[in-house]
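Residues per chain are reported as follows:
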Amino acid sequence: MTDQTADIPGLLAGLLPQGEAMLAMRHDMSEATLAGYVEAVAVDQGGRHWLLGWSQDRLGDAFGLMVLERQRHAGALVLARFPRDDIPEGCSGFLGLLQADWQAAHSAPVPVFMLAVPGGAHLRISGEALRQVDLRVMSGIVEAAAQAGHRGYFQPLAEMLAAPESWVPGLVTTEDPVSNLGIDTIVALPGLGYMVEGWVLAPARPVTGFSLRAGDTIGHADPRATYRMARPDLDAAFPQQAGLGRDAGFVAFFPMRDARPDSGDLLLRLHCGDARQSQHRLDPARIAWLHRGVGEAALLRCYPALEHEPFFPAMAATLKRYRLLGRVPPVAWQVTPAARLLVLGVQDGHDDAYRIAAQIMAWRQVLFSQGIGVALLAPEACRAHMLPLFRELQALAEMPGLSLFFIAPPLCPREVAAALVATGASRFALLRPGFRADLDDLLACLEMTGPDPEGPARACLTLADGPSGLTGLEGAPGLGGDAGAFVDLARRGEAWADLPGGEVAGLALRASPRPILPPLWERIERSGVAL
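Report on the accompanying structure. (Residues numbered from 1 in each chain as written. Predicted model: local features only at pLDDT ≥ 70, side-chain atom pairs only at ≥ 80, totals over all residues. Heavy atoms only, no water.)

### A short note on the pairing of strand β17 (residues 277–282)
Applicable threshold: Exposure classes here rest on a 1.4 Å probe applied to the protein chains alone. A residue is buried below 20% of its type maximum, exposed above 50%, and partly exposed in between. Labels follow the DSSP assignment, with helices taken as runs of H or I lasting at least four residues and strands as runs of E lasting at least two, numbered in each case from the N terminus. Strands pair, by our definition, only if DSSP identifies at least two bridges between them.
Of all the six residues making up β17, five are buried; the element is thus mostly covered by neighbouring parts of the structure. Bridge count between strand β16 (residues 266–271) and β17: six bridges; the pairing is antiparallel. When the bridges of β17 are listed, R269 appears paired with Q279.

In structure tokens, the structure reads:
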């Protein structure tokens, strides 16, 4: 077992002129010069080609070559050799690093590798096409060869395969310094990154840093949001390593703008000093995706002062964007233009649908005489009841201005704004959802739709574009005024607390307390972070 040591990039560069000289030569590809086979190829993150196969020992361990495919490509090849019992005598298996301007492709013709060795030789492909494999196959070969015996440029090639850019799980440059690793929580947010909570026991070398690979993206732990902590429970679980639990716990945040649910495998790399490292595969099924409403408790537990962490502003803005994008837009089942519009929100349950239909029938003459259209915003769950009721209302000659929208509850400012835009309303009144209004209440709201309403056509309310929907209308029949101003407010997508206080048709409206928000959203709203 004799290993050769060399600067592999320098060695390949020095052999490349041999391959270039072969481009203008004629070559013998008969059986007499067949010296072995290439069985598989793997391409690493840096675009380097790793070849797996076997060849005659007489060729040596490094040489120039030419790849013959559709065109001729000059290159060089350096080999790490290991014994195999399934090949002819005088031959050995190899793992080789190829430098060439050739790129392996499934659809390309079968390549032949012509070698710049005395007497001439070539390597063919075993099978009908060159098999492309994951780099982990090469990792397994290196691990097996390390136990079974090896020669050639084994050690320098093994170190290159284990270098940071290769990210082969299970490979380290030396003996793995990590004896035990546990992952408790993984919280992620698309476009932001990953938070990993866990513990590590490394008796040989302390862990000095963390890196994470998700698919093709690599992120390094932000030292400002990464910390260690005591895990006394590990001393009892691993008595043979008692004392290591005092700083075994860790929380690390990895900023990664390309984080997404379909990134694929996660690889966690632990840096242990002296170029030592340990790589571990994490289960992507364990990720709690924050934009889906999971992982909030773990995030707050790991970062009790979350709003002061460096990633908080970006996280808050990203979650707000997802909250807005996650709202299903209203479905306009029928739209009738109306300059003055009464908006009625139907609550869940068919009882409210029938109640509102009865109110409209009772008010139809008043609405018709004042030229006011009606927009019904109903939950999709009420569709089976709402459609026949809407047809019945349309049949009334006094109701020409009816519109119907189906929404995903709760009713929020965006849904109201969508109805205003679709109908072309210039002024509107919104009757408080669930409010059992009489004719006086209706007339009070309709005053807000007039061209010159008495008093300011504004209301003080807290509008939460979230689980609580429209709030702040308690004690009043509704709100209304200029449709354009309301639409502008809805488009901001912020905290919905921007409408000033005042009177609406003689009824004083006071802001009700904000709805109780989940702890994470309470911090986001309190921070005032904008989109």
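Structure's up, so let's keep going.
### What to know about the sheet that holds β17
Which entries qualify depends on this criterion: Fitted lines through C-alpha atoms give the axes, limited to the stretch in contact for helices. The angle between two N-to-C directions lies from 0 to 180 degrees.
On the basis of which strands lie adjacent, the open sheet formed by four strands has the order β13-β12-β16-β17 and antiparallel pairing. The outermost strands of the open sheet, each flanked by one partner alone, are β13 (217–220) and β17. Within the sheet, the average angular offset between the axes of one strand and its neighbour, ignoring direction, is 20°. Bridging between strand β12 (residues 209–214) and β13 involves four bridges; their strand directions are antiparallel.

### Some thoughts on the sheet that holds strand β14 (residues 227–229)
Reading across the sheet, the five strands line up as β14-β15-β11-β10-β18 and stay open at both edges, with mixed pairing between neighbours. Each edge of the open sheet carries a strand with a single partner, namely β14 and β18 (287–289). Strand-to-strand twist in this sheet, taken as the mean axis angle between neighbours without regard to direction, amounts to 20°. In this structure, strand β10 (residues 180–189) lies alongside strand β11 (residues 193–201), joined through nine bridges in antiparallel fashion. Bridge pairing in β11 places L181 opposite V200.

### Observations regarding the packing of aromatic side chains
What counts, and what does not: Only rings of Phe, Tyr and Trp enter the pairing, Trp through its six-membered ring, and a pair is recorded when the two centres are within 6.5 Å. The plane angle decides the type: under 30 degrees is stacked, over 60 is edge-to-face, the rest tilted.
One pass over the full model with this rule turns up eight aromatic pairs. For the ring pair Y227 and Y303, a centre distance of 6.2 Å and an interplane angle of 80° mean the geometry is edge-to-face. With Y227 in strand β14 and Y303 in the loop between α5 (296–302) and α6 (312–325), this pair connects stretches of sequence that are 76 residues apart. Classification of Y303 as buried rests on a relative accessible area of 1%.

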